[in-house]
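So you can see what is in the structure, the chains are spelled out below.
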Amino acid sequence: MNSPSPAPTIEIVRVWKRYLPSTTPVDALRDISLTLEPGERVSVAGPSGCGKTTLMNMLGLLDTPTAGEVRWNGRPVGGRSERERARLRLTGIGFIFQRFYLLPTMTARENIELPMRAAGVDRAERARRADELLEEVGLAPRAGSFPHQLSGGEEQRVAIARALANRPGLLLADEPTGELDSAATETVLALIDSVGSASGATVVTVTHNPDVAARSHRHITMRDGRVVDDRREE
Amino acid sequence: MRPIAWRSPTRHSRLQIVLAAIAIAVAVALPVILVSVGGGVSAHEIAQLQQTGYVISVSSAGMHGISLSHGLVSEFNAIPRVAASSPVLSVPIDLYAGGVTPTAVLAEGVIPDQFTPTLGPSEAGLFPSPLPLGDPTDLIHYANGTYTGPTTLDALISTPFEAASGIRVGQSIVLSPSANRSLGTAFRVTGVFGVPPSLLGPTGAFAVIVPLSDLQVLTGWARTSATPSSLLDASDTIQVALSGAAENDPSQINAVAAQIQSLVPYYGVTTQLQQAQQLENADAILTGFYLALSSVGLAVGLIFLAIVLVRRVESERRSIGIRRALGLPPRWIAVGILARGEALAAAGIVGGTVLGVIVISILAAYGTGAVKQAASLATYDPILLGSIAAGVLALACLASGLAARSAMRLDVVEALR
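Along each chain, residue indices are assigned from 1 in the same order as the chain's sequence is written. Chains carry letters from A onward and ligands carry numbers from 1 onward, assigned in written order. Side-chain atom pairs in this predicted model are given and counted only at pLDDT of 80 or more, local residue features only at pLDDT of at least 70, and totals for whole chains, interfaces and linings cover all residues. Based on all heavy atoms of the structure, the side-chain values leave hydrogens and waters out of the count.

### A short note on the packing of aromatic side chains
Next, step 1: Pairs were defined over the aromatic rings of Phe, Tyr and Trp, the Trp ring being its six-membered one, requiring ring centres within 6.5 Å. Orientation was assigned from the angle between planes: stacked under 30 degrees, edge-to-face over 60, tilted for the rest. Throughout the structure, instances matching the rule amount to eight aromatic pairs over all chains.
Next, step 2: Between Phe95(A) and Phe97(A), the ring centres sit 5.6 Å apart and the planes meet at 0°, which makes this aromatic pair stacked.
Next, step 3: Between buried and exposed lies partly exposed: a residue is buried under 20% and exposed over 50% of the maximum accessible area for its type, with that area taken using a 1.4 Å probe on protein chains only. Given the relative accessible area of 5%, Phe95(A) is considered buried.
Next, step 4: Summarising the aromatic geometry, the rings of Tyr142(B) and Tyr147(B) are spaced 5.4 Å apart at their centres and angled 85° between planes, so their arrangement reads as edge-to-face.

### Details of the domain arrangement of chain B
Next, step 1: Examined at the domain level, chain B breaks down into domain 1 (11-48 + 278-416) and domain 2 (61-266).
Next, step 2: Placing a centre on the C-alpha atoms of domain 1 of chain B and another on those of domain 2 of chain B gives a separation of 53 Å. Domain start and stop points were drawn from an automatic or database domain assignment.

### Some points on helix H13 (residues 382-408) of chain B
Residues and elements named next belong to chain B.
Next, step 1: In this text, helices come from DSSP runs of H or I with a minimum length of four residues, and strands from runs of E with a minimum of two, each type numbered from the N-terminal end. Helices are assigned an expected span. That span is 1.5 Å times one less than the residue count. Compared with the 39 Å implied by 1.5 Å per residue over 27 residues, the 37 Å span of H13 between its first and last C-alpha is a close match.
Next, step 2: Every buried residue of H13 is accounted for by Leu385, Ile388, Ala389, Val392, Ala396, Ala399, Ser400, Ala403, Ala404 and Ala407.
Next, step 3: Polar contacts, as counted here, are pairs of nitrogen or oxygen atoms within 3.5 Å of one another; within protein the pair requires one atom able to donate a hydrogen and one able to accept it, and residues that are adjacent in sequence qualify only if both atoms are side-chain atoms. The opening residue of H13, the one whose side-chain oxygen lies 3.0 Å from the backbone nitrogen of Ile383, is Asp381.

### Quick notes on the pairing of strand S8 (residues 237-242) of chain B
Residue and element names in this part refer to chain B.
Next, step 1: The buried fraction of S8 amounts to five of the six residues, a majority that puts the element mostly inside the structure.
Next, step 2: For two strands to be treated as a pair, DSSP must find at least two bridges joining them. Of the pairings in the sheet, the one linking strand S2 (residues 82-96) to S8 comprises six bridges and is antiparallel in character. From the neighbouring strand, Val82 faces S8, where its bridge partner is Leu242.

### Section: the nonpolar core
Within soluble globular proteins, side chains that are nonpolar tend to cluster in buried spots.
Next, step 1: Definition of nonpolar core: a set of buried residues of the types Ala, Val, Leu, Ile, Met, Phe, Trp, Tyr and Cys, connected through side-chain atoms within 4.5 Å. Ile12(A), Leu55(A), Leu59(A), Val204(A) and Leu305(B) are the most contacted members of the largest nonpolar core, which has 106 residues in total.
Next, step 2: Top element by residues in this core is H13(B). It accounts for nine residues.
Next, step 3: Any two residues whose heavy atoms approach within 4.5 Å at even a single point are treated as in contact. Non-local contacts of Leu305(B), meaning those with residues more than four positions away in its chain, are made with Ala20(B), Ile24(B), Gly341(B), Leu344(B), Ala396(B) and Ala399(B).

### Some remarks on the interface of chain A and chain B
Next, step 1: Between chain A and chain B, the contact holds 24 residues from the first and 23 residues from the second.
Next, step 2: A combined buried area of about 2100 Å² lies between chain A and chain B, and 60% of that area is made up of carbon and sulfur atoms.
Next, step 3: Per-residue buried area on chain A facing chain B is highest for Tyr101(A), Thr105(A) and Arg117(A); these three make up 27% of the total on that side.
Next, step 4: Salt-bridge detection follows one rule: a side-chain nitrogen of Lys or Arg within 4 Å of a carboxyl oxygen of Asp or Glu. Linking chain A with chain B are one salt bridge, by the criterion used here.
Next, step 5: Taking the shortest distance from any N to any O, the salt bridge between Arg324(B) and Glu82(A) comes out at 3.9 Å.
Next, step 6: Breaking the side of chain A that touches chain B down by element, the ones donating at least two residues are helix H2 (82-92), helix H3 (108-118) and helix H4 (123-136) of chain A.
Next, step 7: In terms of residue class, the side of chain A that touches chain B is built from 13 nonpolar, two polar and nine charged. Note: buried area is the sum, over both parts, of the accessible area (probe 1.4 Å) each one loses when the two are combined. Residues are grouped as follows: Ala, Val, Leu, Ile, Met, Phe, Trp, Tyr, Cys and Pro are nonpolar; Asp, Glu, Lys and Arg are charged; all remaining types, including Gly, are polar.

### Observations concerning unusual backbone geometry
Backbone phi values are negative for most residues with the exception of glycine, while trans is the configuration of most peptide bonds.
All names here are of chain B.
Next, step 1: That bond from Ser129 to Pro130 is cis: its omega, -5°, falls within 30 degrees of zero.
Next, step 2: Among the secondary structure elements, Pro130 is positioned in the loop between helix H4 (121-124) and helix H5 (139-142).
Next, step 3: Positive phi is not limited to glycine here, since Leu68 has a value of about 55°.
Next, step 4: In this fold, Leu68 is placed in the loop between strand S1 (56-59) and helix H2 (69-77).

### Notes on the sheet that holds strand S6 (residues 93-96) of chain A
Residues and elements named next belong to chain A.
Next, step 1: A sheet is described by the order of its strands in space; here six strands give the open sequence S6-S7-S8-S3-S9-S10, paired in mixed fashion. Of all strands in the sheet, those with a lone pairing partner are S6 and strand S10 (226-232), marking the two edges. With strand direction ignored, the average angle separating the axes of adjacent strands in the sheet is 15°.
Next, step 2: As judged from the four bridges shared by S6 and strand S7 (residues 170-174), these two strands associate in the parallel manner. Opposite Ile93, over in S7, you have Leu170 as the bridge partner. Between N-to-C directions, angles span 0 to 180 degrees; the directions come from axes that are lines fitted to C-alpha atoms, helices contributing only their stretch in contact.

So, in structure tokens, the structure goes:
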């Protein structure tokens, strides 16, 4: 059985991210410093283009800073090879994307099993864990369905199950309800709340929606690539 | 760890995949056909050569370049382990069978008791033994170069000519060195001989065999034309057969060949081993040429494969981006792409080999002439075909490596945008 990754302490230290498109350079992140404690429930809000997704990409080790560094349990990740970073993403981080990003050629079950296959989990354990997750997200009867046969809410529930497959210590959700109707939004948010509490993982949710943000205990607000507010609820 | 299954491509990319596999199949079929047919023909020629009864051949540049043939026979036969030395004079000649219209035939002059031991097992059954040409040694007429003894004037005709002309044993024919019956000499047909199947053409189907001395006198190759008193006794080749185990022992064959060469340093002396080696060398050169020729088609097929795979990586940027974002090992993704390329190449190899075999079978069954004969001799060398397959797989690995490299260089953030 794949054991859960302990929730990490993540530090973002004076991070800048500058993109160099063909015209003028764009600073997506400007001198950001943050520390995420293990098990925190964090929301990141702000207007479009303020750098929320770029911040998520930094936290998820999908992107590298132009300046500054990201530390994972005190250890900088900048010096790690792509292979090591991929391994960390695979076992330590669960991604939930706004557009679900399920692989269209795989069934719901295969999508959920994919990270486990890549992590070397044996077939029987994969099947057992996939059944458990499908049950948890209420999609056991749809295990053999392909993404195009599922509703948006169902797709996102499969994506949540996939994100949890390797029991990550960090769950990153980028506008997880951005493409869902209100009923599906409630289901998905309840699910994220439930799995976040049950697993003890750090959950970071990027959202425009105040109702979504309200479910977190720490609220970060960004504007123009900077953190302009960082509040913890008592 | 198993690579990822990449399934359900779109209809358009399915078509590209099928076309890539077909391109490789066609590119593989070409060398399969060329190498198998070429190798088969070459192997057949070598086998034919090894089935001849003689193991050493003496020849000279130019037509009828060997002089004093009867004398050389005695000298060669005096060498230990030499069983027979058969001079052969081959001359195109006009044959008259009653009418005034000649038929062009190939006349071969031989010494009967020397000719028979130089026949191989497959040829021996085609000739009467002994040859019914009167004087077995051909020395009575030759009589030490005087050509004054009684002529035999017996002739054997080939079975194809017998069938075509209707001439039978006992009948008389006239052989003339020019298109003038009055310059000819009458021979009596004393027997017939079969013509061994000849590859790629009916060579020598219309032929007559006569005593060497008779043909030499008839065609003017007994004496020189400049000084008629001067002895020529010409032939084209002298084929030498060895006795007992010597005929299969390369060292003994080479030793006898060296002795013959010392007797006639001005003539070419080649052993059957050398001839086989020359054929094998020629075959190797041809095989290399066929492979080089085929590599052009193969290069086109593999470039097509590389393009198809790179295009698929482009069209699957999102899917690859998701996999990489989830943390799937880059090597895993690369292996998936390589496996896809290798699978396509393997399908092309199997398809191309099957296509090649089918084309050869069709040519062997329904082709005509030399093409049909050559196709029917095709041999499938597993080592050579395996090498072609391994080469294609290696090149396909290179081609899919380009696509894998492009997938590895994909910007994940960009791909997910």
